Amino acid sequence: MKGRPDLTHRMDVNKGLPATESRRDLHVWIIERVMEGRWLGDGPAELSLGTLLSQNLRMAPVPEKAYGNFFEEHCYIVLHVPQSLKATQGACSDLHYWAGKEAGAEAQDAAEAFVQQLQETLGGATVQHREAQGHESDCFRSYFRSGIIYRRGGLASALTHVETNLYNIQRLLHVQGRKHVSAAEVELSWSSFNKGDIFLLDLGKVMIQWNGPETSIPEKARGLALTCSLRDRERGGRAQIGVVDDEVEATDLMRIMEAVLGCRVGNVPATRPDKSVNQLQKASVRLYHVCEKDEDLVIQELATCPLTQDLLWEEDYYILDQGGFKIYVWQGRLSSLQEKKAAFSRALRFIQAKGYPTYTNVEVVNDGAESASFKQLFQSWSTKQRGNKNFGRLSKSIQVRPDVGKLQSQPELAAQLRMVDDASGKVEVWCIQDLGRQPVDPERHAQLCAGNCYLVLYTYQRMGHVQYILYLWRGHRATTRDVKALNCNAEELDLMYRGALVQEHVTMGSETPHFLAIFQGQLVVFQGHTGHDGKEQPAPATRLFHVQGTDSCNTRTVEVPARASALNSHDIFLLVTASICYLWFGKGCSGDQREMARTAVSAVSGENKETVLEGQEPPGFWEALGGLAPYPSNKRLPEDVSGFQPRLFECSSHMGHLVLTEMVFFSQEDLDKYDIMLLDTWQEIFLWLGEAASKWKKEAVDWGQEYLKTHPAGRSPATPIVVIKQGHEPPTFTGWFLAWDPYKWTNDQSYKEVVDGSLGAMPAICEITAVSTGFSRPAPSQLPPGSRLGRHDPDGQNGQERSQALVDGRVCSGGKRPSGLSVASAWEPLLHTPSLSPLSEQELNDFQLSRGPSNGGADPLTLQTLKGSQDGSGNELQPGPKAGDASTNSHHSSPRPTINGSLPRERLMHQAVEDLPEGVDPARKEFYLSDSDFQEIFGKSKEEFYSMAKWRQQQEKKQLGFF
């Protein structure tokens, strides 16, 4: 891409910058201390691992499989460079330095210095961020979809950042967050728990997720995704996962937890207060001018919201304070290099002067390369304001008439034009009267009244499927009673259509292009309202109509007060009197306006119509308007939205106020069945309701209105709000996403199905045993009568124990396992010891997990795979699972491929299941490629591919035709 540095080659080593790989969009480095007189590696190769920044510190790349792991005593550098064509349009690189809460001042200074050097290499089109542990920006958290892990202590070497297959571990992770999940190591004690969060007891081969009784299902599901990610990345998929949703039903797992944590005394502490920042707190913005005078930093407040772009001068330097939640530093292109180097230090001095927390997020933006979040703090933003050719290009507005064929096949075009089709579908209109809806005569569909509310149902076909859009149109003079009736009747219609209606809330004067197009440019809005009998109020003798628009997608005719001051030299007006109609053309109107106006006013004017040019009006024209009076002659400029990018947020509520979490670099993967998501395209607000969140539709609309009301840029409350339910997304919504799979949720499982259903997919029986020093598992002949696996059963009911089963590479919930599955009774002597104390690391090391047929035997492959932890507890980095090795991919239920050798790519890519060669596993088509074909198609080796997170594997397979 022009203007973006080539990252294929190593960055300038002379400047102290390590190498990067051009194929990756994310790069992470750790600042680590170099042991005296010792470097990792020999000769020039050491420069590719890291470069000495000071006498004791250097930068070292973090392995990709360790992304998301952060040690508290270190600082990190994270660089994100958009790679896809759609992502790079108008986007900048993001450069972050992250400081752990235990990181020293020397490491933080080194991180800041490295960021500055890297910024100089990348150029001005880079946004810089300062991140603090536990208070990271949404942009930073969006990189790590599986979650962030805070690890205690420091790291001796980047080579041991993550140790795969390490089972000699005993830790407790506190899992927090809704959409962006993080987990921090806490004290291994019951005192660390609370009712509102999730805690993961990680014992190496066994991972137990304890869900607080006040946690929501989305939190549980995302916590489980983090747990599974840890199992796959750090244990090669071999660890066993158990979930405690109800302590009463998961007695066996609770006994294991108590064996490790000790007996719990008292109840679990209450939920900790939520410190989420709501939209009301973010609504306050203040702009400050910054300069230095006699070595003192002078900060002068310039303006508060709403801010305008012309406040920023290219030779100056500004700080924008968003309610103490975030600090932006804007650097004009003509500001000095010294000022740019002092950006972070000045921001920190500002934070200190304001008394804000030291962890307050800082973002540094350059003139012409501002982030989307910065731009949206202003009323409007134009990328051509100063004629800058180096940064950001103004997208040319599409002037051609939309083609239905292109709209059907190109959802991104539909999104830009805000048109689902060419508006040739079926139209039905109802007027809200007496709390009910009355059908409108088709001949009067395009004639609405400002004092009423209307329902407009549009039916069209897309890809062979019938689709619906229900417009909820509200006049400026409609009563609150009518608005409530409008919403109620819309819900009734939605029920009639089984929830398939996309509902778009439209306010008079802010109609969308598609809404105007379905009336073919002949929409007329009269003052007054329709009475109970369906007839309009008596019309006055003189009426004035304002005609605006140049084509059928933007033309509307609205009745305005009949006086001369309502005229405008750049528009067209229709004056209707008892005897004649005047069609008045202002001097500044275009030919397209005139042509469209002659068609638009046909429903209002009679045959007796006279064309009048501005400045040549007959006396009767001014008499009808009450006499000549001054009127505006300035041209109404359309709103410039070229500088705004779409933004996606997850919606939630705290203390009655809206809380938003942004998904920066969003994709369809960010939409979950439990979510309510808000997509802001600036001209419209889309509210997407997941399947499990559809009952919150009313709250969602309220949140959309609150979002507009509290927006720092002073957004119009009349901005259209579109409510969409999962599975019924129109192209005007899907077109904003990089890729859209309409079948993504076909077999989507709920959290309960994931937990409960895993057991049915595994016919083998898994058992957990603990062999402590001096204790061995009893043979079946030594068991008491009526018991199984050494567990006494006074009722003689084998296999009826209430337990939570742990399945090899699977998850299962308490009380849901089939008969014959139980936790091994080797725990019993330990669990019933009066003076029970937490198990030692050695005792936990002695966990033995076996998977075998129902007769209790274990096959050799499984025994080898799940051998003792002493084989995987070394201090060196262990090799990860090899591509295609069934023994190291226990989370795959499909058998190991049986075809020998490789297959041509043509027989695998974009092939349906029935067209695949015999013996090919449809779930792993890519495996059968030759190593050279795999490298060429995926841009990485098979080993690198299978070490990635599973969601990333699936995403690449979909894009390349192997899904």
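Residues numbered from 1 in each chain as written. Predicted model: local features only at pLDDT ≥ 70, side-chain atom pairs only at ≥ 80, totals over all residues. Heavy atoms only, no water.

> Whenever I open this one, the overall build of the protein chain confuses me. Can you help?
For the protein chain, the helix and strand inventory stands at 25 helices and 38 strands. Considering the protein chain as a whole, with its 963 residues, one finds that 53% of them fall into the buried category. In the protein chain, once contacts between residues fewer than 6 apart in sequence are set aside, the share between residues at least 24 apart is 68%. Of the accessible surface of the protein chain, which amounts to about 43,600 Å², a share of 49% is contributed by carbon and sulfur atoms. (Helix = DSSP H or I, 4+ residues; strand = E, 2+ residues; numbered from the N terminus. Buried < 20%, exposed > 50% of the residue type's maximum accessible area, 1.4 Å probe, protein only. Contact = heavy atoms within 4.5 Å. Areas by Shrake-Rupley, 256 points an atom, 1.4 Å probe, with all protein chains shown as cover.)

> Would you mind showing me how to read helix α9 (residues 343-354) here?
Each full turn of the α-helix corresponds to 3.6 residues, which orients residues three or four apart in the same direction. Its twelve residues place the ends of α9 17 Å apart at the C-alpha level, agreeing with the 16 Å of an ideal helix rising 1.5 Å per residue. Those residues of α9 that fall on the buried side of the exposure criterion are Ala 343, Phe 344, Arg 346, Ala 347, Phe 350 and Ile 351. Take α9 and look down its axis: the buried residues cluster within an arc of 160°, on one side only. Away from the buried face of α9 by more than 90 degrees, exposed residues Gln 352 and Ala 353 are located. At the exit of α9 stands Gly 355, carrying a positive phi of roughly 75°. (Expected span 1.5 Å × (residues − 1). Arc of directions from axis to C-beta.)

> Could you clarify how one ought to interpret the sheet that holds strand β34 (residues 721-725) in this entry?
Think of a sheet as strands paired side by side through backbone hydrogen bonds, with each pair either parallel or antiparallel. As summarised here, the arrangement of the ten strands in space is β19-β18-β21-β22-β23-β34-β33-β32-β30-β31, forming an open sheet in which the pairing is mixed. Each having just a single partner strand, β19 (436-439) and β31 (657-663) make up the two edges of the open sheet. Neighbour-to-neighbour, the strand axes of this sheet turn through a mean angle of 25°, independent of strand direction. In the sheet, strand β22 (residues 465-474) pairs with strand β23 (residues 501-507) via seven bridges, with the strands oriented parallel. (Pairing = 2+ DSSP bridges. Axes fitted to C-alpha atoms, helices over the stretch in contact; angles between N-to-C directions.)

> Sorry, what's going on with the nonpolar core here?
Soluble globular proteins tend to bury their nonpolar side chains together. Formed by 33 residues in total, the largest nonpolar core has its most connected members in Ile 77 and Leu 118. Element by element, the count of residues in this core is highest for helix α3 (residues 105-122), at seven residues. Ignoring sequence-local partners within four residues, the contact set of Ile 77 consists of His 27, Val 28, Trp 29, Met 59, Leu 95, His 96, Tyr 97, Ala 111, Phe 114, Val 115 and Leu 118. Formed by 32 residues, the second largest nonpolar core is a distinct cluster that contains Val 420, Tyr 454, Met 508 and Phe 515. (Core = buried A, V, L, I, M, F, W, Y, C linked by side-chain atoms within 4.5 Å.)

> Would you take a moment to explain the environment of Gln 376 for this structure?
Relative to the helices and strands, Gln 376 is located in the loop between α10 (372-375) and α11 (404-409). Along the primary structure Gln 376 and Trp 682 are separated by 306 residues, whereas in three dimensions their C-alpha atoms are 8.8 Å apart. Once residues lying within four places of it in the same chain are set aside, the contact partners of Gln 376 are Phe 644, Gln 645, Arg 647, Asp 680, Trp 682, Tyr 707, His 711, Ala 713 and Arg 715. Within the structure, Gln 376 has its side chain in polar contact with the side chain of Arg 647 (distance 3.4 Å). (Polar contact = N/O pair within 3.5 Å; in protein donor to acceptor, adjacent residues only side chain to side chain.)

> Please explain the pattern of salt bridges as it appears in this structure.
Note that side chains of opposite charge can pair when their charged atoms are close. Tallied over the entire structure, the rule returns 40 salt bridges. The partner of Asp 494 in a salt bridge is Lys 725, and the shortest N-O contact between them spans 3.2 Å. Residue Asp 494 is located in helix α13 (residues 480-496), and its partner Lys 725 is located in strand β34; the two are separated by 231 residues in the primary sequence. Assessed through its relative accessible area of 10%, Lys 725 is described here as buried. (Salt bridge = Lys/Arg side-chain N within 4 Å of Asp/Glu carboxyl O.)

> I tried to follow the confidence of the model for the protein chain on my own but got confused; where do I start?
Caution applies to low-pLDDT parts of the model: their predicted coordinates are not meant to be read in detail. When pLDDT is averaged across the protein chain, the result is 78; 74% of the residues are at 70 or more. Here residues 1-16 is a poorly scored stretch, pLDDT under 50, and it has 34 contacts once near neighbours within four places are set aside; other chains count. Below pLDDT 50 for its whole length, residues 36-54 participates in 37 contacts with residues either more than four positions away or in separate chains. (pLDDT = per-residue confidence, 0-100.)

> Help me understand the pairing of strand β28 (residues 581-585), please; the structure alone is not making it clear to me.
Every other side chain in a regular strand lies on the same face of the sheet, so the side chains alternate between the two faces. Most of β28 is tucked away: five of the five residues are buried. A two-sided burial pattern is seen for β28, the buried positions comprising Cys 581, Leu 583 and Phe 585 on one face and Tyr 582 and Trp 584 on the other. With five bridges connecting them, strand β27 (residues 572-576) and β28 associate as antiparallel partners. Bridge assignment links Leu 574 to a residue of β28, and that residue is Leu 583. Sheet topology note: the β28/strand β29 (residues 609-613) ladder contains five bridges and is parallel. Across the sheet, Cys 581 pairs through a bridge with Lys 609, a residue of β29.

> What should I look at first to understand the packing of aromatic side chains in this one?
To describe a pair of aromatic rings, one takes the distance between the centres and the angle between the planes. For the coordinates displayed, the defined rule picks out 47 aromatic pairs. With a centroid separation of 4.8 Å and an interplanar angle of 75°, the aromatic rings of Phe 70 and Tyr 76 are classed as edge-to-face. As far as burial versus exposure is concerned, Phe 70 and Tyr 76 are alike and both buried. Centroid distance Tyr 582 to Phe 621: 5.6 Å. Interplanar angle 85°. Geometry classified as edge-to-face. Remark: Phe 621 occurs in helix α16 (residues 619-624) and Tyr 582 occurs in strand β28; sequence separation between them is 39 residues. The two residues Tyr 582 and Phe 621 agree in class, both being buried. The positively charged end of Arg 264 is found above the aromatic ring belonging to Trp 190, 4.8 Å away from the centroid. A cation over an aromatic ring shows up here: Lys 942 above the ring of Phe 927, its NZ or CZ 5.1 Å from the ring centre. (Phe/Tyr/Trp six-rings, centres within 6.5 Å; stacked < 30°, edge-to-face > 60°. Lys NZ or Arg CZ within 6 Å of the ring centre and 35° of its normal.)

> What am I meant to see in unusual backbone geometry here?
Most peptide bonds are trans, and most residues other than glycine sit at a negative phi. For the peptide bond that leads from Cys 305 to Pro 306, omega is 0°, which places it in the cis range. Among the structural elements, Pro 306 can be located in the loop between β14 (296-304) and β15 (317-322). Of note, Arg 418 is a non-glycine position whose phi angle comes to about 60°, a positive value. If you check the backbone angles, Phe 665 has positive phi at about 55° while not being a glycine.

> Please clarify how the sheet that holds strand β26 (residues 556-560) should be interpreted in this entry.
A sheet is described by the order of its strands in space; here seven strands give the open sequence β20-β24-β26-β25-β27-β28-β29, paired in mixed fashion. Here the strands that pair on one side only, and so sit at the sheet edges, are β20 (447-449) and β29. Each adjacent strand pair in this sheet contributes to an overall mean axis angle of 25°, direction not counted. By the bridge criterion, three bridges tie β20 to strand β24 (residues 524-526) in an arrangement that is parallel. Bridge pairing in β24 links Cys 449 to Phe 526.

> Would you mind showing me how to read the environment of Lys 282 here?
Tracing the backbone through its elements, the reader meets Lys 282 in helix α7 (residues 279-282). Here the alpha-carbon distance between Lys 282 and Lys 326, two residues 44 residues apart in the chain, equals 8.7 Å. Other than its neighbours up to four places away in sequence, Lys 282 contacts Val 277, Gln 322, Phe 325, Leu 660 and Pro 712.

> Got a minute to help me understand helix α23 (residues 931-938) in this structure?
Among the residues making up α23, those that are buried are Asp 933, Phe 934, Ile 937 and Phe 938. For α23, the angular spread of the buried residues around the axis is 105°, confining them to a single face. Residues of α23 that are exposed and angled more than 90 degrees away from the buried face: Asp 931, Ser 932 and Glu 936. Phi turns positive one or two residues past the end of α23, at Gly 939, with a value near 75°.

> I would appreciate a short explanation of the environment of Ser 605 in the present structure.
Structurally, Ser 605 can be placed in the loop between α15 (591-600) and β29. C-alpha of Ser 605 to C-alpha of Cys 581: the two residues are 24 residues apart in sequence and 6.2 Å apart in space.

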